[in-house]
Amino acid sequence: METVIDASDTPPAPGGGQPLLHQKGAETQAFGTLKQLPIGLGHNTRMYACQRLNRVLADTQILYSLYKKHHWLMRGATFYSLHLMLDKHAEAQLAIVDALAERVQSLGGVAVGDPRHVAELTAIPRPPDGVEQVPVMLSRLLDAHERILIDAREAAARISAEGDEGSTDLLVSDVIRTGEAQVWFLAEHLVDTPLVRGPRSGERGTAGR
């Protein structure tokens, strides 16, 4: 009778090309801890910066997800322009997510990445699972932006006082400036203005009522 060999019981030959699957092990660095890196910043400064950056990172990941959700769910006559604009904004926020995460890592910390962990850290309220009216979705994005901008400005000031100009520059140049520009573009879509004709001569517009 032919002998059947269970290949799973046979250890792979070294260099044989067989992936070592189903590996498990303990964490090599816990979240909220630092490893030492020779970057000229003290432990306390790096620890504080990582904590603040991870908060902004969590909120920015949620903002990115909101942009993608609302990009998919746009409705009405402005669908095409908003569909494209929200996706463009989402791409910019995704780049900020990557920059924030890499900054945390470069400080010796651990960047928050798992969406379930992000949900525990974010200060942005959870939206309904379904579809909201277009102005409500835009307003929700504006609210998320404002929360991030307030936190990023305060974090930048505190981190700068600690001497970490690299993290300060990231918050100001990327998070704040990009956020301010995106707020402007969003907010202008919520202005109630006529599309085809302004007030006739002698008529008073809504601003003068």
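Residues numbered from 1 in each chain as written. Predicted model: local features only at pLDDT ≥ 70, side-chain atom pairs only at ≥ 80, totals over all residues. Heavy atoms only, no water.

1. Quick look at the side chain of Thr-168
What counts here: Numbering goes from the N terminus for both helices and strands, where a helix is a DSSP run of H or I of at least four residues and a strand is a run of E of at least two. For every residue, the accessible area (1.4 Å probe, protein chains only) is compared with the maximum for its type, and the residue is labelled buried under 20%, exposed over 50%, or partly exposed between those bounds. Here, residues are in contact when the closest pair of their heavy atoms is within 4.5 Å.
Relative to the helices and strands, Thr-168 resides in helix H5 (residues 165-187). A relative accessible area of 10% means that Thr-168 is categorised as buried. Contact partners of Thr-168, with chain neighbours within four places excluded, come to Ala-156, Ile-159 and Ser-160.

2. Some words on the pattern of salt bridges
The test is simple: We count a salt bridge whenever a side-chain nitrogen from Lys or Arg sits within 4 Å of a carboxyl oxygen from Asp or Glu.
Applying the stated criterion across every chain, the model contains 11 salt bridges. Where Arg-55 meets Asp-151, a salt bridge forms, and the shortest distance between an N and an O atom there is 2.7 Å. Here the residue Arg-55 occupies a position in helix H1 (residues 43-73), and Asp-151 occupies one in helix H4 (residues 134-161), the gap between them amounting to 96 residues. For Asp-151, a relative accessible area of 11% gives the class buried. The salt bridge involving Asp-143 is made with Arg-147; its shortest N-O contact spans 2.8 Å. On the criterion of helical spacing, the pair formed by Asp-143 and Arg-147 is a turn pair, its members being four residues apart in helix H4. On the accessibility criterion, Asp-143 (30% relative accessible area) is partly exposed. Given the relative accessible area of 36%, Arg-147 is considered partly exposed. Through salt bridges with shared partners, a single ionic network connects Arg-52, Arg-55, Asp-151, Glu-154 and Arg-158.

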